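# Observations on the three-dimensional arrangement
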Amino acid sequence: MELREVVVDLEQLLGPQCRRRPVKLTTQLPESEVRVQATRDALKQALINLSVNALEAMPEGGNLELRLDRIDSRAVLSVTDTGPGVPLDIREKIFSMHFTTKGSGTGIGLYVARNVAESSGGNLRVDSEPGQGARFEIELPVLSGRG
Ligand SMILES: Nc1ncnc2c1ncn2[C@@H]1O[C@H](COP(=O)(O)OP(=O)(O)OP(=O)(O)O)[C@@H](O)[C@H]1O
Ligand SMILES: [Mg+2]
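A brief look at the structure comes next. (Residues numbered from 1 in each chain as written. Chains lettered and ligands numbered in written order. Predicted model: local features only at pLDDT ≥ 70, side-chain atom pairs only at ≥ 80, totals over all residues. Heavy atoms only, no water.)

## Remarks on the pattern of salt bridges
To keep things clear, this is the line we draw: By definition, a salt bridge exists where a carboxyl oxygen of Asp or Glu is found within 4 Å of a side-chain nitrogen of Lys or Arg. Helical segments are the DSSP runs of H or I of at least four residues, strand segments are the runs of E of at least two, and each set is numbered from the N terminus. Each residue's exposure class comes from its accessible area (1.4 Å probe, protein chains only) as a fraction of the maximum for that residue type: buried when under 20%, exposed when over 50%, partly exposed otherwise.
Scanning the model with the defined rule gives 13 salt bridges in all. The closest approach of N and O atoms between Arg40 and Asp9, which form a salt bridge, is 3.2 Å. Of the two residues, Arg40 sits in helix 2 (residues 40-56) while Asp9 sits in helix 1 (residues 3-20), which places them 31 residues apart along the sequence. Look at Arg40 and you get partly exposed, because its relative accessible area is 29%. With relative accessibility at 26%, the residue Asp9 sits in the partly exposed group. Residue Arg74 pairs with Glu139 through a salt bridge whose shortest N-O separation is 2.6 Å. One end of the pair, Arg74, is in strand 3 (residues 74-81); the other, Glu139, is in strand 5 (residues 134-141), with 65 residues separating them in the sequence.

## Points about the side chain of Glu139
The cut-off we apply is this: Whenever two N or O atoms come within 3.5 Å, that pair is a polar contact, provided that in protein one can donate a hydrogen and the other can accept it, and provided that, for residues adjacent in sequence, both atoms are side-chain atoms.
Using a relative accessible area of 12% as the deciding quantity, one classes Glu139 as buried. Within the local environment of Glu139, its side chain forms a polar contact with the side chain of Arg74, the two groups lying 2.6 Å apart.

## A look at the sheet that holds strand 3
Two orientations exist for strands paired in a sheet by backbone hydrogen bonds: parallel and antiparallel. Spelled out, the test is: The pairing criterion is simple: DSSP has to find at least two bridges between the two strands. Orientation is described by lines fitted to C-alpha atoms, with helices fitted over the stretch in contact, and by angles between N-to-C directions that extend from 0 to 180 degrees. What makes two residues a contact is simply this: any of their non-hydrogen atoms within 4.5 Å.
Read across the open sheet, the 5 strands follow the order 1-2-3-5-4; overall the sheet is mixed. Two strands in the sheet have a free side with no partner beyond their single neighbour: strand 1 (23-28) and strand 4 (123-128). Across the sheet, the mean angle from the axis of one strand to that of its neighbour is 15°, orientation sign disregarded. As defined by bridge partners, strand 4 adjoins strand 5 across 6 bridges and the pair is classed as antiparallel. When the bridges of strand 5 are listed, Leu124 appears paired with Ile138. Helix 1 rests against strand 1, strand 2 (62-71) and strand 3 of the sheet, and its axis sits at about 180° to strand 2.

## Some words on the pairing of strand 1
To keep it simple, the criterion reads: Think of it like this: strands point away, you trace from the first strand over the helix to the second, and a clockwise trace means the crossover is right-handed.
As paired strands, strand 1 and strand 2 are joined by 6 bridges and run parallel to one another. By the bridge assignment for strand 2, Thr26 is matched with Glu65. For the crossover from strand 1 across helix 2 to strand 2, the handedness is left-handed.

## Notes on the nonpolar core
To keep things clear, this is the line we draw: By nonpolar core is meant a set of buried Ala, Val, Leu, Ile, Met, Phe, Trp, Tyr and Cys residues that side-chain atoms within 4.5 Å join together.
Counting residues in hydrophobic clusters, the biggest one holds 38 residues, and the most contacted among them are Leu3, Leu50, Leu64, Leu77, Leu124, Phe136 and Ile138. Taken together, the elements giving at least two residues each to this core come down to helix 1, helix 2, strand 2, strand 3, helix 3 (109-119), strand 4 and strand 5. Residue contacts for Ile138: discarding those within four places in its chain leaves Leu43, Ala46, Leu47, Leu50, Ala75, Val76, Leu77, Ala117, Asn123 and Leu124.

## Some details on the packing of helix 2 against helix 3
What counts is decided by this rule: Two helices cross in a left-handed way if the nearer one is turned anticlockwise from the farther one by less than a right angle. They cross in a right-handed way if the turn is clockwise. By the convention adopted, Pro, Cys, Tyr, Trp, Phe, Met, Ile, Leu, Val and Ala count as nonpolar, Lys, Arg, Asp and Glu as charged, and the other residues, Gly among them, as polar.
Between helix 2 and helix 3, the least distance of the axes is 9 Å, while the angle of their chain directions is 145°. Once helix 2 is placed against helix 3, the crossing between them reads as left-handed. Facing Ala42, Leu43, Ala46, Asn49, Leu50 and Asn53 of helix 2, the residues of helix 3 in contact are Gly109, Leu110, Val112, Ala113 and Val116. Partitioning the contact of helix 2 with helix 3 into residue classes produces 8 nonpolar, 3 polar and no charged.

In structure tokens form, the structure reads like this:
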């Protein structure tokens, strides 16, 4: 499947919710297509989970950036927000099933997203400066050739 299309779909899906908050949504895509071996709907769901978390982290508004970068043989999908970030002491726990800091959260979103990334031969990581937002990255191996 082709990843730029998924990011464009996601951008359209998030547009109305972003305008309501208001969150400024930006998207960065590479010029040529990036193909990976993955289940489209599962990957889309993983990105939705990351984006919903980003929006929930910015109730007063902020910036949400969706990016797709190709780095050698890897595709990197990232969701970056300008919320409070993820405190260091829970940085790895957040991926556990049922871990949540939200009153009404189920703590399933990141667990599912990591499973989706890993089942396509990739991984999901977080990078966060406390107080300066969070960046979640799904890295996947790119299909070689013209695919
Ligand atoms: N963008 C983010 N900024 C700050 N903290 C985050 C962010 N994304 C996730 N977290 C932290 O990780 C926890 C787990 O996230 P996860 O998506 O798995 O569950 P949830 O959002 O709490 O509930 P659910 O997604 O099931 O509704 C969150 O409760 C929150 O503490
Ligand atoms: Mg969530």
